[in-house]
Amino acid sequence: MKKKIYCFLFLILQFVFVHAQTKKSDVIIYSDTHSSLLIGGSVSILEDKLDEFTFKEVVISKNFVNSNQTVPDLGISRSAFWIKAKITNSTNNERLLFELANPTIDEVELYILLNGKVSVQKMGEYQPFHFRNYDYPSYVFDLVIPSEETVDIYLKIKSKEQISVPLKLGSQIVIMNSLSEKDLLFGLYVGIMLAMFFYNAFIYFTTKDRNYLYYIIYILFVGLTQSCLQGYTFQYLWSNSPWMAQHSIVLLGALVGITAAEFAKSFLNISQYLKSYKNVLYVFYVSYFICIIFSILEKSSGLLLDITALSISLYLLGVAIVIARKGYRPAKFFLFAWIIFLIGVIVFALKNMGVLPYNNITIYTMPAGSAIEALLLSFALADRINLLKKEKDFSQAATLLALRENEMLIKEQNIILEQMVEQRTIKLNHTNAELNATLSDLIDTQTQLVNAEKMASLGQLTAGIAHEINNPINFVSANVKPLKLDIEDVLELVGKYEKISLTENLSEGLKEIEVFKKQIDFEYLKKEMTELLTGIEEGAMRTAEIVSGLKNFSRLDESEFKMANINEGIKSTLILLKSSVPADLKVITDLGNIPAIECFPGKLNQVFMNLFNNAIYAINKNESGKKQLLINTYELNDQIFVSIEDTGIGMTPEVKAKVFEPFYTTKDVGEGTGLGMAIVFKIIESHHAKIEIESEYGIGTKILLILNKKL
């Protein structure tokens with residue numbers, strides 16, 4: 001195989017050297033309108049290292065150096081270069097075309113000096129593609145030279161990439177035919193690459209083999225890179241993005257190297273055959289990323305990119321050789337495809353350096369090599385699939401044999417297992433019956449505990465009502481007796497007025513009445529009666545308020561939801577809990593103007609009762625700081641918010657995490673069942689609402705209820 005490759009390389013080199021063109025004279029004479037001339041060997045070159053020469057300075061400069069290459073190779077440089085040529089038109093066609101067939105040069109300016117007059121044509125990747133006179137990737141300039149006249153042309157070029165200068169002179173028909181031929185050949189290449197891309201993409205989506213994924217990504221970037229080198233990406237993909245045009249070679253070149261390495265790592269199973277070698281690839285990745293960064297920062301990265309590309313190509317070649325020697329057949333396919341690609345790269349590089357002539361063979365050797373590589377790698381992937389299929393068939397056959405051997409054992413075991421299953425089923429049925437009985441007991445216990453919680457709330461409610469009603473009743477009772485005595489004195493005074501007769505001594509009777517008024521202190525008596533009646537009225541109103549609150553709260557067992565204003569439920573709950581509120585605890589309510597909502601009013605009252613009770617308990621436990629309970633309601637975004645914030649003892653994160661668990665309580669024995677917050681959570685859940693808790697131990701707790709206007 002190696003001998004065939006060496007013979008192939010020798011034939012290519014012999015062919016291109018035989019067809020190499022000799023250096024032309026210093027004056028370029030164009031005489032055949034049916035052919036074109038490569039004029040690189042008849043020009044002289046001036047390097048402007050600082051890019052500061054003016055055209056006048058260039059014209060009079062004595063520092064031009066004659067070119068000795070058919071296609072001058074100026075390397076990678078930040079300098080600007082001036083190329084001078086003297087052209088004589090010996091044809092009858094005065095309209096000629098001048099082509100610079102290197103689309104990757106960033107800046108190109110052509111100065112034409114004829115009869116003392118200067119015309120300038122400027123092109124380059126620094127401006128959008130549509131500014132060009134001809135819709136081709138190459139730089140094509142118009143040259144109008146009268147028959148038998150001689151002109152001096154000065155070409156200024158500057159680029160961050162490798163600067164090779166293939167200069168071609170010819171008639172419009174010849175140059176256009178040449179450009180069309182290039183388009184046709186490159187279209188063939190693109191067709192091959194697209195066919196490989198879509199074909200293998202289809203296989204990837206069918207098999208989900210990641211090798212195909214790496215492969216289609218790799219050939220995508222290879223195709224884009226080749227298109228970029230030929231100038232087609234700037235023409236068709238980002239024609240309005242000069243920045244992308246100037247940086248795409250480095251970006252795409254780096255991506256080709258990275259994806260090639262990833263594909264090779266997966267396809268060659270480097271992790272299995274050469275485990276330590278895969279770490280070397282990361283060095284190349286870092287180098288590629290440095291190239292990308294340098295390119296973005298407008299620093300020269302072409303040389304580093306070329307060195308990295310050459311290094312990783314040789315490295316992958318060596319890895320493929322080592323793995324192929326270990327008997328891994330896919331590595332042999334990869335090795336052959338990679339050698340074909342490298343041959344194309346080498347021929348392309350030798351063409352740029354002027355060692356090989358500039359023609360369609362050397363121009364398209366690298367695209368042809370990449371196309372052949374894509375085809376061979378596709379075949380290699382297919383062969384790999386076949387290899388895996390054979391291995392899978394062998395594995396399935398071995399598995400089938402093992403299954404048949406196990407089938408007899410399974411049949412023998414089935415009888416024993418059926419007996420064991422029957423015995424186990426009897427035990428499970430017995431256990432299931434016990435579990436059902438236990439579950440029934442648990443349900444009864446849960447019902448009893450919930451009822452106990454309700455009875456505890458009812459007991460607290462009854463005690464509060466008794467205490468609250470007892471105070472105004474006692475107040476009324478205490479005022480009735482002194483009011484009765486005062487009424488008796490008033491009635492006695494009225495009796496004395498009735499006894500006065502107009503026929504008797506009127507003055508004596510009035511004097512007696514005045515003495516009685518002073519005796520009973522009639523003025524104080526009137527004031528006292530007013531105060532006693534006011535006190536009785538306040539007691540009656542207080543009793544009516546308690547009864548009203550009890551009536552509102554008594555909707556505890558309503559099962560249907562209805563429209564209700566939760567502010568009323570909060571107020572009635574606070575009235576019934578008034579006896580439980582210590583004198584030093586300040587309850588602040590800020591109940592907003594909120595609309596009625598669809599809810600279970602009685603169940604929400606139970607929620608408020610439990611939350612207020614817990615808040616009062618927590619505040620009483622906190623012996624330091626102010627004692628305050630803040631209750632706030634408001635409407636926001638079609639939702640009703642109820643905020644209950646206390647300055648109690650607060651909760652630790654562990655307590656907060658368990659607060660809604662049934663039977664969990666932090667209260668002392670006998671003070672709580674641990675079902676209050678669990679019931680609250682179920683009621684809130686039945687309203688499709690939310691409850692949020694913010695608490696900090698030693699600071700306090702804030703509970704936020706978020707209710708919807710409609711269930």
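Above this text sits the structure in question.
Residues numbered from 1 in each chain as written. Predicted model: local features only at pLDDT ≥ 70, side-chain atom pairs only at ≥ 80, totals over all residues. Heavy atoms only, no water.

Student: Would you take a moment to explain the overall build of the protein for this structure?
Tutor: The helix and strand inventory of the protein stands at 18 helices and 20 strands. Looking at the protein as a whole, 43% of its 711 residues are labelled buried. Taking the contacts inside the protein whose residues are at least 6 apart along the sequence as the reference set, 75% of them involve residues at least 24 apart. A total accessible area of about 38,700 Å² is found for the protein, and carbon and sulfur atoms account for 60% of it. (Helix = DSSP H or I, 4+ residues; strand = E, 2+ residues; numbered from the N terminus. Buried < 20%, exposed > 50% of the residue type's maximum accessible area, 1.4 Å probe, protein only. Contact = heavy atoms within 4.5 Å. Areas by Shrake-Rupley, 256 points an atom, 1.4 Å probe, with all protein chains shown as cover.)

Student: Before we go on, may I ask you to explain the environment of Pro330 in this structure?
Tutor: Along the polypeptide, Pro330 turns up in helix α10 (residues 329–352). Once the C-alpha coordinates of Pro330 and Leu381 are considered, the two residues, 51 residues apart in sequence, prove to be 7.8 Å apart.

Student: Would you explain helix α9 (residues 302–325) in this entry?
Tutor: Since one α-helical turn is 3.6 residues long, residues separated by three or four positions face the same way. For α9, with 24 residues, the first-to-last C-alpha span of 35 Å sits near the 34 Å given by 1.5 Å per residue. Listed in full, the buried residues belonging to α9 are Gly302, Leu305, Thr308, Ile312, Ser313, Tyr315, Leu316, Leu317, Val319, Ala320, Ile323 and Ala324. (Expected span 1.5 Å × (residues − 1).)

Student: Teacher, can you tell me more about the packing of helix α6 (residues 242–267) against α9 here?
Tutor: Two numbers describe a pair of packed helices, the interaxial angle and the distance between the axes. Interaxial distance between α6 and α9 falls to 11 Å at its minimum, and their mutual angle equals 15°. What the angle tells us is that α6 and α9 run roughly parallel. Judged by the twist between their axes, the crossing of α6 over α9 is left-handed. Seen from α6, the contacting residues are Ile249, Val250, Gly253, Ala254, Gly257, Ala260, Ala261 and Ala264; seen from α9, they are Leu305, Ile312 and Leu316. When its residues are assigned to classes, the contact of α6 with α9 shows nine nonpolar, two polar and no charged. (Axes fitted to C-alpha atoms, helices over the stretch in contact; angles between N-to-C directions. Parallel < 35°, antiparallel > 145°, perpendicular 65-115°, else oblique. Left-handed = near helix turned anticlockwise from the far one by under 90°. Nonpolar A, V, L, I, M, F, W, Y, C, P; charged D, E, K, R; others polar.)

Student: Mind showing me how you'd approach helix α15 (residues 566–576) here?
Tutor: With eight of 11 residues buried, α15 lies mostly within the body of the structure. Listing the buried residues of α15 in full gives Ile566, Asn567, Gly569, Ile570, Ser572, Thr573, Ile575 and Leu576. Backbone nitrogen of Asn567 and a side-chain oxygen of the N-cap are separated by 2.9 Å at the start of α15; the cap is Asn565. (Polar contact = N/O pair within 3.5 Å; in protein donor to acceptor, adjacent residues only side chain to side chain.)

Student: Is there a simple way to think about the pattern of salt bridges in this case?
Tutor: Close approach of charged atoms allows side chains with opposite charge to pair. Counting across every chain of the model gives 10 salt bridges. A salt bridge links Asp51 to Lys156; the shortest N-O distance between them is 2.9 Å. Note that Asp51 is positioned in the loop between β3 (44–48) and α2 (55–60) and Lys156 in strand β11 (residues 150–158), a separation of 105 residues in sequence. Here Lys627 ties to Asp584 by a salt bridge, and the two come within 3.5 Å at their closest N and O atoms. A residue pair is termed long-range when its members are at least 10 positions apart, and Lys627 in the loop between α16 (601–621) and β17 (628–636) and Asp584 in the loop between α15 and β15 (586–591) qualify at 43 residues. (Salt bridge = Lys/Arg side-chain N within 4 Å of Asp/Glu carboxyl O.)

Student: Is there a simple way to think about the pairing of strand β13 (residues 167–171) in this case?
Tutor: Both faces of the sheet carry side chains from a regular strand, because those side chains alternate between them. Counting buried positions along β13 yields five of five residues, so the element is predominantly enclosed. Two strands pair when backbone bridges link them, and strand β2 (residues 37–38) and β13 are joined in this way by two bridges, in the antiparallel orientation. Within the sheet, the bridge partner assigned to Leu38 lies in β13 and is Lys168. Taken together, the five bridges between strand β7 (residues 95–100) and β13 define a ladder with antiparallel strand orientation. (Pairing = 2+ DSSP bridges.)

Student: Would you mind going over the environment of Phe516 with me for this structure?
Tutor: Of note, Phe516 is situated in helix α13 (residues 506–520). Classification of Phe516 by relative accessible area gives buried; the value is 6%. The sequence separation of Phe516 and Asp489 amounts to 27 residues, and the corresponding C-alpha distance is 9.6 Å. Excluding its chain neighbours within four sequence positions, the residues that come into contact with Phe516 are Asp489, Glu492, Leu493 and Lys496.

Student: Help me out: how do you make sense of the environment of His687 in this one?
Tutor: Take His687: it is sitting in the loop between α18 (676–686) and β19 (690–696). His687 sits in the buried class, given a relative accessible area of 3%. Along the chain, His687 and Cys599 lie 88 residues apart, while their C-alpha atoms are 6.8 Å from each other. Among the polar contacts made by the side chain of His687, one reaches the main-chain carbonyl oxygen of Ile683 at a distance of 2.8 Å.

Student: Any chance you could explain the sheet that holds β13 here in plain terms?
Tutor: The strands making up a sheet associate through backbone hydrogen bonding, with each pair oriented either parallel or antiparallel. Here we have four strands laid out as an open sheet, ordered β2-β13-β7-β10, and antiparallel in their pairing. Two strands bound the open sheet, and with one partner strand each, they are β2 and β10 (139–144). Where helix α3 (residues 172–207) meets the sheet, it contacts β7, β10 and β13, and its direction lies at approximately 125° from that of β13.

Student: Help me understand the packing of aromatic side chains in this model?
Tutor: In this description, a pair of aromatic rings is defined by centroid distance and the angle of the planes. One pass over the full model with this rule turns up 24 aromatic pairs. Consider the rings of Phe334 and Trp338, whose centres lie 5.5 Å apart with planes at 10°: the pair is stacked. With a gap of four residues between them, Phe334 and Trp338 both fall in helix α10, about one helical turn apart. Summarising the burial analysis for this pair, Phe334 and Trp338 share the class buried. Of note, Lys208 hangs over the ring of Tyr204, and the distance from its end group to the ring centre comes to 5.8 Å. (Phe/Tyr/Trp six-rings, centres within 6.5 Å; stacked < 30°, edge-to-face > 60°. Lys NZ or Arg CZ within 6 Å of the ring centre and 35° of its normal.)

Student: Which parts of the structure should I look at to understand unusual backbone geometry?
Tutor: Most peptide bonds take the trans configuration, and most residues that are not glycine carry a negative phi. The phi torsion at Asn269 lies on the positive side, around 55°, for a residue other than glycine. Mapped onto the secondary structure, Asn269 falls in the loop between α6 and α7 (270–273). On the basis of relative accessibility, which here comes to 22%, the residue Asn269 falls in the partly exposed class. Backbone geometry places Asn637, a non-glycine residue, at a positive phi of 55°. For Asn637, a relative accessible area of 67% corresponds to the exposed category.

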